[in-house]
Amino acid sequence: MTLQIGYTMMCEQAPPRQLVDDLVAAEAAGFDFSVISDHYFPWLDAQGHAPYAWSVLGAAAWATDRIPLMTYVTCPIKRYHPAVVAQKAATVQLLSGGRFTLGLGGGENLNEHVTGGGWPPANTRHEMLRESVEIIKELFEGGYVTRHGRHYDVDSAKLWDLPDTPPDIGIAVSGQQSCELAGELADVMVAVEPEPELGQMFDAAGGRGKPRVGQQPISWDTDRDAALARAHEQFRWFAGGWKVNAELPGTAAFDAASQFVTPDDVAGQIPCGTDIDAVVKAVKPFADAGFTHVALVQIGGDAQSPFIAAAQKELLDALREL
């Protein structure tokens, strides 16, 4: 199977109309699919944006014709009740004509603290995610749902506008518990790190043969120094790793946690400049680990157009050869 290369609408770095306009350009350039982040806050103040992803998705579904859409990822445990997530996902599936995948995950304190009540420990979050996914899947089946669970109550909920084919569900994984949950309940595995062990645990839990979607940031620019400076300014939080990033409460915390990350550290993880071989080298571990899809994140809201043009001209073809 040819590796599918995706485009990321990163809500933390661009306003809503631009996100949609850039996606339209990415579809025309030939990207195979698209993903969108679902944040209440940017990671760092320098990114400067965080529009409501689901409004952007509705506009994106209407403005595009072909390109599949996916949340990467939505957290259904605090900021959103799972019954509301099911309704939103069903609506986007209808608006997009069946092009939507509902990517779900345990979330980050950064975005979920806004509704109050504290940030649960990881084990509790996994319990909540499991219960949420079960509620969403049951609502996708049609009919009324009433449930009094350990973490959520649902009182006579029903989706009145339900697509003939409900969205596939992806679940983000980072360790044993999440891989077992995804293998059991998900149609798609989602991960930000190309670790073969994640796919192996996913397979062992029932995920064998199912798609798996990764993501790789890059900073494409003919001026490598400018590309590196932009990546360091806006993406140095990336070096913290998922277990750290899930716990920090706000942009000030991410700024403090990443204050000692150097431009060289960033360059070691993120291709900067116009070296296609460097981008291929960064994406190859995902292909080697069995990922079927990799979404690229072009860093910088004002740097999308040259990246999309380069992708159409040569980058997509080079990556698909993997």
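Our structure's up above, just so we're on the same page.
Right, let's walk through the structure included here. (Residues numbered from 1 in each chain as written. Predicted model: local features only at pLDDT ≥ 70, side-chain atom pairs only at ≥ 80, totals over all residues. Heavy atoms only, no water.)

## So, unusual backbone geometry
Following Tyr-72, the chain continues to Val-73 via a peptide bond in cis, the omega torsion being -10°. For Ser-156, which is not glycine, the phi dihedral falls at a positive 50°. Given the relative accessible area of 43%, Ser-156 is considered partly exposed. (Buried < 20%, exposed > 50% of the residue type's maximum accessible area, 1.4 Å probe, protein only.)

## Focus: the packing of helix H1 (residues 16–29) against helix H2 (residues 53–63)
Contact pair H1 / H2: the axes reach a minimum separation of 9 Å and the direction vectors enclose 30°. In the crossing of H1 with H2, the sense of the turn from one axis to the other is right-handed. In contact with Pro-16, Leu-19, Val-20, Leu-23 and Val-24 of H1, H2 contributes Val-56, Ala-59, Ala-60 and Ala-63. Grouping the constituent residues of the contact of H1 with H2 by class yields 9 nonpolar, no polar and no charged. (Axes fitted to C-alpha atoms, helices over the stretch in contact; angles between N-to-C directions. Helix = DSSP H or I, 4+ residues; strand = E, 2+ residues; numbered from the N terminus. Left-handed = near helix turned anticlockwise from the far one by under 90°. Contact = heavy atoms within 4.5 Å. Nonpolar A, V, L, I, M, F, W, Y, C, P; charged D, E, K, R; others polar.)

## Remarks on the packing of aromatic side chains
Here the distance between the centres and the angle between the planes together describe a pair of aromatic rings. With the rule as written, the count across this model stands at 13 aromatic pairs. An angle of 10° between the planes, with centres 3.9 Å apart, marks the rings of Trp-43 and Trp-237 as stacked. One end of the pair, Trp-43, is in the loop between strand E2 (33–36) and H2; the other, Trp-237, is in the loop between helix H8 (224–235) and helix H9 (242–245), with 194 residues separating them in the sequence. For the pair Trp-43 and Trp-237, one class covers both residues: buried. Between Phe-235 and Trp-237, the aromatic rings sit 4.9 Å apart at their centres with planes inclined by 45°, giving tilted as the arrangement. Each member of the pair, Phe-235 together with Trp-237, is buried. Connected via pairs of aromatic rings, a cluster forms that spans Trp-43, Phe-235, Trp-237, Phe-238 and Phe-254. Taking NZ or CZ as reference, Lys-88 lies 3.2 Å from the ring centre of Tyr-80, over its face. It is Lys-158 that lies over the ring of Trp-160; its NZ or CZ is 4.8 Å from the centre. (Phe/Tyr/Trp six-rings, centres within 6.5 Å; stacked < 30°, edge-to-face > 60°. Lys NZ or Arg CZ within 6 Å of the ring centre and 35° of its normal.)

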